[in-house]
Amino acid sequence: MTILTYRDLLDACSPGGAAVLTSVTELAPAGGPHAAVAPAKFSVGKNSVFAYETRFIVDEPLVTVIIDSKQSQLNRMEQPLSIAIDDGHPVLGRTPRMRVSYGNASYTDLELPHRAFDGHIRAGTVAGTPVTEHLEYRAARDASARNARALLEMSPVSLIFGAWDSSRRTHQGRYRSALVGEIIGVLADQSATATTSPLRGGARVDPVAMSVQLPGAELEKLVRAQESELSTKTVAGLRDEIAKAKSKPLSASPLGMGGIPPTLDALGAVACRQIIRTHVLSFSALRQLRFGADAAGDAACRALLAAFALNGLARSDAELSLRANCDLRELGPAEVVLDQRYGKTAELEPLTIEEADELLATAIAGAIEKAGVRWEGQVFEVTGNLAVLRGAVDTDDDK
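What you see is a predicted model, and the numbers here were worked out from it, not measured in a lab.

Asker: Explain the overall build of the protein to me, please; I cannot follow it from the model alone.
Answerer: Within the protein, the regular secondary structure consists of 12 helices and 21 strands. Out of the 399 residues in the protein, the part that is buried amounts to 45%. The contacts in the protein between residues at least 6 apart in sequence include a share of 77% that link residues at least 24 apart. For the protein, the accessible area works out to roughly 20500 Å², and carbon and sulfur atoms hold 53% of it. Across the protein, the centroid of the 42 positively charged side chains sits 7 Å from that of the 49 negatively charged ones.

Right, here's the structure in full:
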């Protein structure tokens, strides 16, 4: 097996090049085959559920569960990229990016869910001018697949991980994610009841008392003292209960006091016979993008995006951290395959972080030389709208 080279990327990013690069890793519960793992949770109405799907595994359709979704996997690539940039990484620090600041807190397009078109950026200002009227931002927003240069030099993460300017009246920028990924688990139980979500017990012990009952007036004092840090939904609910109770004592459990007896009503975990992590980098998708250069320059720009994506993949694969009760380990190295069209493939060594950094540095130099790309760590700074910050709560009070 060989290591992916910059020449490979240029060839793949040129007309007729490779369709995809795939990376597949067999994983297993860190606790052993008997250990259950907690899949990703999704909401259906007010209920939390697991996502079960039928997949074709080794010549037969089997029931699987989504352990980590596409969006989650993309976020797991964006996070280490963001950390490396914050740490002053000499290569990744050259990545153009957008940043919106609310006082001392700031967020980049590597963190904001809608990336270049995120609502926090669009609601902000640059030197007192609304972002949506800023010429540089308008150029990025008006970019298209026919010429995405402005976005490449402001928010390349949007071109790799996807972005959709969905709230714009016309000329909506829509960029599919060129890199996708997921982790699925093949259920050990393939019976008819396999997709009945298991339950797990939970409890809380309060060393002071299992139940704290307070008169309404005393509870109101506690609410008033903590009101600035409580969610509006919690405050409204408590005051409603106080008003209804009149002189009857009320439980202080909404304020975190008292114990919770063992109950069996939380989503549990599942047993898997096989766990598979898959990533696909689509060169076909990248080849839909042009950047206002000649053919060689456009290919170099696409190779730059591909190298950036693979850097995120190498960093994400280096850390297998998903969530509590879902610790996994690799059963072997990732199997990396580069499509060579018409049924032919080439097996490659998985990129280490150091090799991915070197590849990205070469790709940056190539895009500058062949397309005059500006990739020097420029940051499009946005001042956040404080009205948004004042309206921020951590609970979904709209429901």
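Asker: Could you clarify how one ought to interpret the packing of aromatic side chains in this entry?
Answerer: Each aromatic ring pair is characterised by the separation of its centres together with the angle its planes make. Across all of its chains, the model carries 2 aromatic pairs by this definition. Ring centres 6.3 Å apart and planes at 75° place the aromatic pair Phe 308 and Trp 375 in the edge-to-face group. Of the two residues, Phe 308 is situated in helix H10 (residues 295–317) and Trp 375 in the loop between helix H11 (353–371) and strand S21 (379–383); the sequence distance between them amounts to 67 residues. We note that Phe 308, like Trp 375, is buried.

Asker: Please explain the nonpolar core as it appears in this structure.
Answerer: The nonpolar side chains of a soluble globular protein tend to be buried, and buried together. Ranked by size, the top nonpolar core spans 74 residues in total, and within it Leu 281 and Phe 283 carry the most contacts. In terms of residues, this core owes the most to one element, H10, which gives 12 residues. Setting aside residues up to four positions removed in sequence, Leu 281 forms contacts with Ala 19, Val 20, Leu 21, Ala 178, Leu 179, Leu 286, Ala 306, Ala 309 and Leu 310. Listed in part, the 18 residues of the second largest apolar core include Val 63, Ile 67, Val 270 and Cys 326.

Asker: Help me understand the packing of helix H2 (residues 70–86) against H10, please; the structure alone is not making it clear to me.
Answerer: When two helices pack together, their arrangement is captured by the angle between the axes and the distance separating the axes. Between H2 and H10, whose axes approach to 8 Å, the crossing angle comes to 95°. Of the possible angle classes, the one that applies to H2 and H10 is roughly perpendicular. Taking contact as the criterion, the partners of Arg 76, Met 77, Pro 80, Leu 81 and Ala 84 in H2 are, on H10, Phe 308, Asn 311, Gly 312, Leu 313, Arg 315 and Ser 316.

Asker: How do you make sense of the environment of Ile 275 when you look at a structure like this?
Answerer: In this fold, Ile 275 is placed in strand S17 (residues 272–282). Placed 209 residues apart in sequence, Ile 275 and Ile 66 show a C-alpha to C-alpha distance of 9.8 Å. If sequence neighbours within four positions are ignored, Ile 275 has contacts with Thr 25, Glu 26, Leu 27, Ala 28, Pro 29, Ile 67, Ile 183, Ile 184, Gly 185 and Leu 328.

Asker: Mind showing me how you'd approach the pairing of strand S12 (residues 179–187) here?
Answerer: Walk down a regular strand and you will see the side chains alternate between the two sheet faces. With respect to burial, S12 is a largely interior element, 7 of its 9 residues being buried. Direction of pairing for strand S5 (residues 60–68) relative to S12: antiparallel, over a ladder of 4 bridges. Residue pairing in the sheet places Asp 68 in a bridge with Ile 183 of S12. One ladder, built from 9 bridges, connects S12 with S17; its direction is antiparallel. If you follow Val 186 over to S17, its bridge partner there is Gln 274.

Asker: I keep staring at the pattern of salt bridges and nothing clicks. Help me out?
Answerer: Here the structure, examined in full by the defined rule, presents 19 salt bridges. One salt bridge connects Asp 240 with Lys 244, and the closest N-O pair in it is separated by 3.1 Å. Of the two residues, Asp 240 and Lys 244 are both situated in helix H8 (residues 232–245); the distance of 4 residues between them amounts to about one turn of the helix. We classify Asp 240 as partly exposed; its relative accessible area is 37%. What emerges from the salt-bridge pattern is a single network uniting Glu 220, Arg 224, Glu 227 and Arg 239.

Asker: Sorry if this is basic, but what is going on with the environment of Lys 70 here?
Answerer: For Lys 70, the location among the structural elements is in helix H2. Among the residues examined, Lys 70 registers a relative accessible area of 34% and is labelled partly exposed. Separated by 107 residues in sequence, Lys 70 and Ser 177 have C-alpha atoms that sit 9.9 Å apart. Not counting residues within four places of it along the chain, the set of residues in contact with Lys 70 comprises Ser 177, Val 180 and Gly 181.

Asker: Quick question: what am I supposed to make of H11 here?
Answerer: Because an α-helix completes one turn every 3.6 residues, residues spaced three or four positions apart along the sequence face the same direction. The first and last C-alpha atoms of H11 sit 26 Å apart over 19 residues, in line with the 27 Å expected at 1.5 Å per residue. Three or more residues of H11 are buried, namely Ala 356, Asp 357, Leu 359, Leu 360, Ala 363, Ile 364, Gly 366, Ala 367 and Ala 371. In this structure, the buried side of H11 is in contact with helix H1 (6–12), helix H5 (149–152) and H10. Directly after H11, the chain includes Gly 372, whose backbone phi takes a positive value near 65°.

So, how was this worked out
- Residues numbered from 1 in each chain as written.
- Predicted model: local features only at pLDDT ≥ 70, side-chain atom pairs only at ≥ 80, totals over all residues.
- Heavy atoms only, no water.
- Helix = DSSP H or I, 4+ residues; strand = E, 2+ residues; numbered from the N terminus.
- Buried < 20%, exposed > 50% of the residue type's maximum accessible area, 1.4 Å probe, protein only.
- Contact = heavy atoms within 4.5 Å.
- Areas by Shrake-Rupley, 256 points an atom, 1.4 Å probe, with all protein chains shown as cover.
- Lys, Arg positive; Asp, Glu negative; His and termini not counted.
- Charge placed at Lys NZ, Arg CZ, Asp CG, Glu CD.
- Phe/Tyr/Trp six-rings, centres within 6.5 Å; stacked < 30°, edge-to-face > 60°.
- Core = buried A, V, L, I, M, F, W, Y, C linked by side-chain atoms within 4.5 Å.
- Axes fitted to C-alpha atoms, helices over the stretch in contact; angles between N-to-C directions.
- Parallel < 35°, antiparallel > 145°, perpendicular 65-115°, else oblique.
- Pairing = 2+ DSSP bridges.
- Salt bridge = Lys/Arg side-chain N within 4 Å of Asp/Glu carboxyl O.
- Expected span 1.5 Å × (residues − 1).

Interpretation in functional terms is not warranted from these geometric data alone.
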